[in-house]
Structures are given as C-alpha cells and as structure tokens.
Amino acid sequence: QLQFVESGGGLVQPGESLTLSCATSELGFKHYAVGWFRQAPGKEHEGVACINSFDDTSYYADSAKGRFAISRDNTKNTVALQMVGLTPEDSGVYYCSTIGLYCSGYERYKGSWGQGTQVTVSS
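Let us look at the structure shown here.

Cut-off values and rules
Residues numbered from 1 in each chain as written. Predicted model: local features only at pLDDT ≥ 70, side-chain atom pairs only at ≥ 80, totals over all residues. Heavy atoms only, no water. Helix = DSSP H or I, 4+ residues; strand = E, 2+ residues; numbered from the N terminus. Buried < 20%, exposed > 50% of the residue type's maximum accessible area, 1.4 Å probe, protein only. Contact = heavy atoms within 4.5 Å. Areas by Shrake-Rupley, 256 points an atom, 1.4 Å probe, with all protein chains shown as cover. Disulfide = S-S within 2.5 Å.

1. Focus: the overall build of the protein chain
Here is step 1: A tally of regular secondary structure across the protein chain gives 0 helices and 10 strands.
Here is step 2: Reported as C-alpha extents along the three principal axes, the dimensions of the protein chain are approximately 40 × 30 × 25 Å.
Here is step 3: Per-residue burial for the protein chain yields a buried fraction of 41% across its 123 residues.
Here is step 4: Across the protein chain, the fraction of contacts at a sequence separation of at least 24, relative to all contacts at a separation of at least 6, is 59%.
Here is step 5: Of the roughly 6600 Å² of accessible surface on the protein chain, a fraction of 49% belongs to carbon and sulfur atoms.

Pasting the structure below:
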C-alpha cells in the first residue's frame, strides 16, 4: 500500500546505463512535482533530479547534469530517470516522491521514503 514504488535498479559496470521508474496510485499525481533522491551508504538522502507538473521543467544535481534525464507520463502515473555513463559515485538507493506544486527547494526535501531501488555501479 505504499504511495510510490521504485523499480529498475541493478548492478552495472561503469559507463553503462539504467532507467529507473517510479509508479504511484495517487490520483492527484499529475498536479505535483516529483523528485528522485539518492541515499549512499552512511549519507543522507540527496536530491538528484526533479520535474514540475504541467510544464515539465526539470532540475538536476550537479553530479547528474548532462548524464541523467527525468521524464513523466501523467497518463500512466509514472516518472522515469534515465541514467547514462554511470560511475561508482552514482551508487545508492534511489527513491521518488512528490515534492509539492513546484520543484523549488527539492534539494532540501525531507520526507518519508518507500523501499527505493538499489543502483550499484562497480567493475
């Protein structure tokens, strides 16, 4: 009965790609901004990417710019995170969550998290 379900993670070698998916049964999903967050071992959750609701404007952490792409399909209540050129520093558990109406301040979001999906980049 979790509000968000993440999937698509796995073990990959450096330079490979992964696409993560976030799905929800929340009926008001399309009205809210959605962010992807990553938790590395021993660290707090950090914002990776965020996408607005209607205008689909996207935002990225410095570590993700140029390599990650966030997108959403409001007809399916899903948000994807395409990751290219993965490095070991990208490893961690990835979570998704609605932020609010806009992505502004998503980097500082503190909320409750679901199971997430594990991404491990190692040779």
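2. Brief notes about the state of the cysteines
Here is step 1: Summed over the entire model, instances satisfying the criterion amount to 2 disulfides.
Here is step 2: In this model Cys22 forms its disulfide with Cys96; the gap between the sulfur atoms is 1.9 Å. Looking down the S-S bond of the Cys22 and Cys96 bridge, the torsion is 70 degrees, so its handedness is right-handed. With Cys22 in strand 3 (residues 18-24) and Cys96 in strand 9 (residues 92-100), this pair connects stretches of sequence that are 74 residues apart. Accessibility assignment for this pair places Cys22 and Cys96 in one class, buried.
Here is step 3: Disulfide pairing places Cys50 opposite Cys103 at an S-S distance of 2.1 Å. The sign of the S-S torsion, about -90 degrees, decides the handedness of the disulfide formed by Cys50 and Cys103: left-handed. Note that Cys50 is positioned in strand 5 (residues 46-51) and Cys103 in the loop between strand 9 and strand 10 (117-121), a separation of 53 residues in sequence. When sorted by exposure, Cys50 lands in the same class as Cys103, which is buried.
Here is step 4: With its bonded cysteines labelled in order along the sequence, the protein chain shows the pairing 1-3, 2-4.

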